[in-house]
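Each chain, letter by letter, is given below.
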Amino acid sequence: MLRRFTKTLSSSLSCQHHSRSFKQVHVDGEGGYSEAKVEETLKYLPGGEILLDLNHSDATAVLQISNVSKRNAFTGNMMLELRRAVNELKTWHEGKAVVICGAENMFCSGSDISAIRAFSRPEDGKRLCMYMHNTMHALQHLPQITLAHVEGNAMGGGAELMTACDFRLMSSDAQCQFVQKKMGLVPGWGGVSRLLQLVGRQTTLKLLLSAEKLNAQRAFELNLVDDILDIHENEVTPNATKHESPALIWAESMFQLYQLDCKLAQSIKLDVIKCRNMSNLEDSYKSEIQFLSLVWGGQANRNALLKSVHGRSTKSSDL
Ligand SMILES: CCCC(=O)SCCNC(=O)CCNC(=O)[C@H](O)C(C)(C)COP(=O)(O)OP(=O)(O)OC[C@H]1O[C@@H](n2cnc3c(N)ncnc32)[C@H](O)[C@@H]1OP(=O)(O)O
């Protein structure tokens, strides 16, 4: 069931084993920046919604960006709702994967132009973008595997949002464009740093300087997307649920998502993200060991040891 984020959020999930894994890079306190003040302003930029549908039985979620009349552009209200949705996912220790998609076969056309107008002074624009930086950072560090499913267009901030996900899947007829230059801007949602990590310096420069419109094939060749989903895979049958999303079908085919132990899935995700952020190899090894100690002797490990190896079953007395 899809829910709006106007209600109190549930955060009573049990296992806390990952909560100490990250030092949050939180942009705050600089030059009088206050998240609360930004949120106060965002409240006055209404429209659109972020829908989060948690499916506890298969440990997956779908986060949908919805503002159809503006091609899923982000209003202030949606920025607030996205932050709340990400905060809820942060504490969802039983979740394995989250699909991020847009309503009605359109990913996202970036920031609502009227939100940019409302924050037109440079210092206000900076605060707005600091807020979105923090949201994108939290999204990138979620314990679940995140999959952006891009249909239609991903423009400006929408293209930046894709880069905050672990995997990017593009429909064969979709397009992506870092269009910020045409707005007289550089990316404002942390897209430069993440693009650099994904495609390197030359390609990042080319994409930002040219604002080239990328079709799925070109985005795939540039390593910006992980796979192209045939448009027919997006056709949903009338009774299909969100959780029959093509992105989840892809995840199942790639890494047998539904059989994957949740604690193991989250550990792999956070292990990789944490090591990726470390410049020092020694610290990185130390971090790996911490993650290893979370799963060694755990349920998935014990189950695997009990299973047959090359057809021979292992006696539990051998373990
Ligand atoms: C730091 C963040 C940086 C940013 O994100 S800056 C914003 C960058 N985004 C853009 O420049 C996208 C502009 N939009 C477009 O290029 C096209 O609308 C797009 C997404 C290719 C879709 O094209 P079409 O399907 O032909 O639709 P259309 O152009 O007729 O638009 C339909 C209605 O949606 C509106 N719309 C689209 N993108 C919007 C946006 N970002 N903010 C506010 N309104 C937006 C558009 O004005 C139009 O409204 P209306 O029906 O004329 O009232």
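Residues numbered from 1 in each chain as written. Predicted model: local features only at pLDDT ≥ 70, side-chain atom pairs only at ≥ 80, totals over all residues. Heavy atoms only, no water.

Where an unreviewed UniProt entry is consulted, the chain appears under the name Ethylmalonyl-CoA decarboxylase, with the organism given as Phallusia mammillata. The record held by UniProt for the chain lists under Function (unreviewed entry) the comment "Decarboxylates ethylmalonyl-CoA, a potentially toxic metabolite, to form butyryl-CoA, suggesting it might be involved in metabolite proofreading. Acts preferentially on (S)-ethylmalonyl-CoA but also has some activity on the (R)-isomer. Also has methylmalonyl-CoA decarboxylase activity at lower level." Quoted verbatim from the Sequence similarities (unreviewed entry) field of the UniProt record, the comment on the chain reads "Belongs to the enoyl-CoA hydratase/isomerase family." (UniProt positions renumbered as here; feature names shortened; annotations may be inferred.)

1. Some remarks on the domain arrangement of the chain
One can read the domain layout of the chain as domain 1 (35-257) and domain 2 (261-308). In this structure, domain 1 and domain 2 have C-alpha centres spaced 27 Å apart. When domain 1 packs against domain 2, the two sides together hide about 890 Å² of surface, and 50% of this comes from carbon and sulfur. At the boundary of domain 1 and domain 2, one finds one salt bridge. Across the pair D166 and K269 runs a salt bridge whose closest N-O atoms are separated by 2.9 Å. (Domains from an automatic or database assignment. Buried area = accessible area lost by both parts, 1.4 Å probe. Salt bridge = Lys/Arg side-chain N within 4 Å of Asp/Glu carboxyl O.)

2. Concerning the site of the ligand
Not every one of the 19 residues close to the ligand is listed here, only the nearest: R71, S109, S111, I113 and G157. Here R71 contributes a side-chain N or O atom positioned 2.9 Å from an oxygen atom of the ligand. Within the backbone of G157, one N or O atom sits 2.8 Å away from an oxygen atom of the ligand. Within the complex, 60% of the 980 Å² of free accessible area of the ligand lies under protein. Where the shell around the ligand is concerned, the elements lending two or more residues are α3 (113-118) and β5 (153-155). A class-by-class count of the residues in the shell around the ligand yields seven nonpolar, nine polar and three charged. (Near = heavy atom within 4 Å. Polar contact = N/O pair within 3.5 Å; in protein donor to acceptor, adjacent residues only side chain to side chain. Areas by Shrake-Rupley, 256 points an atom, 1.4 Å probe, with all protein chains shown as cover. Helix = DSSP H or I, 4+ residues; strand = E, 2+ residues; numbered from the N terminus. Nonpolar A, V, L, I, M, F, W, Y, C, P; charged D, E, K, R; others polar.)

3. Considerations on the packing of aromatic side chains
Think of a pair of aromatic rings as described by two things: how far the centres are apart, and how the planes are tilted against each other in angle. As enumerated under the stated definition, the model contains four aromatic pairs in all. Judged by centre distance (5.6 Å) and plane angle (35°), the ring pair of F167 and F255 falls under tilted. Of the two residues, F167 sits in strand β6 (residues 167-171) while F255 sits in helix α8 (residues 246-255), which places them 88 residues apart along the sequence. Grouped by ring-pair contacts, the aromatic residues F167, W250 and F255 constitute a single cluster. In this arrangement the basic side chain of R83 is found over the ring face of Y131, its NZ or CZ atom lying 4.1 Å from the centre. (Phe/Tyr/Trp six-rings, centres within 6.5 Å; stacked < 30°, edge-to-face > 60°. Lys NZ or Arg CZ within 6 Å of the ring centre and 35° of its normal.)

4. A look at the sheet that holds strand β9 (residues 227-229)
Ordered by their spatial adjacency, six strands build an open sheet running β1-β2-β3-β4-β6-β9, and the pairing between neighbours is mixed. Strands at the two margins of the open sheet, each flanked by one partner only, are β1 (49-55) and β9. Ignoring strand direction, the axes of neighbouring strands in this sheet form an average angle of 20°. Running at roughly 20° to β1, helix α2 (residues 76-90) makes contact with β1, β2 (60-66) and β3 (97-102) of the sheet. (Pairing = 2+ DSSP bridges. Axes fitted to C-alpha atoms, helices over the stretch in contact; angles between N-to-C directions. Contact = heavy atoms within 4.5 Å.)

5. Focus: α8
When we look at burial in α8, the residues that qualify are P246, A247, L248, W250 and A251. Tucked into the core, α8 has its buried residues touching β2, β3, β4 (145-150), β6 and β9. In this structure S245 caps α8, since a side-chain oxygen of it lies 3.1 Å from the backbone nitrogen of A247. (Buried < 20%, exposed > 50% of the residue type's maximum accessible area, 1.4 Å probe, protein only.)

6. Topic: the pairing of β6
Most of β6 sits inside the fold, with four of its five residues counted as buried. For β6 and β9, the ladder comprises three bridges, and the chain directions are parallel. In the sheet register, M170 faces β9, and the bridge partner there is I228.

7. A word on the layout of surface pockets
Approximately 560 Å³ is the volume attributed to the largest pocket. Looking at the lining of the largest pocket, the elements that each hand over two or more residues are α3, α4 (122-140) and α5 (157-163). Here the lining of the largest pocket gets five residues from one element, more than from any other, and that element is α4. Of the residues assigned to the lining of the largest pocket, the class counts are 14 nonpolar, nine polar and three charged. (1 Å grid on protein atoms, 1.4 Å probe; cavity = no way out; pocket = protein on both sides within 12 Å on 5 of 7 lines; lining within 4 Å. Points joined across faces, edges and corners; volume = space filled by probe spheres on them.)

8. Describing the pairing of β1
Counting buried residues in β1 gives six out of seven residues, a clear majority hidden from the surface. In this structure, β1 lies alongside β2, joined through seven bridges in antiparallel fashion. Directly across from L51, in β2, lies its bridge partner Q64. Following β1, the chain reverses through four residues before pairing antiparallel with β2; A59 in that reversal takes a positive phi of roughly 60°.

9. Side note on the nonpolar core
Among the nonpolar cores identified, the biggest contains 55 residues, and F74 and F107 are the most heavily contacted of them. If you look at the next biggest cluster of nonpolar residues, it comprises 14 residues, including V99, L147, W250 and A251. (Core = buried A, V, L, I, M, F, W, Y, C linked by side-chain atoms within 4.5 Å.)

10. Some points on the packing of α2 against α4
If you want to describe how two helices pack, look at the angle between their axes and the distance between the axes. The interhelical angle for the contact between α2 and α4, taken along N-to-C directions, is 25°, at an axis separation of 9 Å. As far as their axial angle goes, α4 and α2 are roughly parallel. As for the relative orientation of α2 and α4, their crossing is left-handed in sense. Across the interface between the two elements, M79, L80, L82, R83, V86 and K90 from α2 touch L128, Y131, M132, N134, T135, M136, A138 and L139 from α4. (Parallel < 35°, antiparallel > 145°, perpendicular 65-115°, else oblique. Left-handed = near helix turned anticlockwise from the far one by under 90°.)

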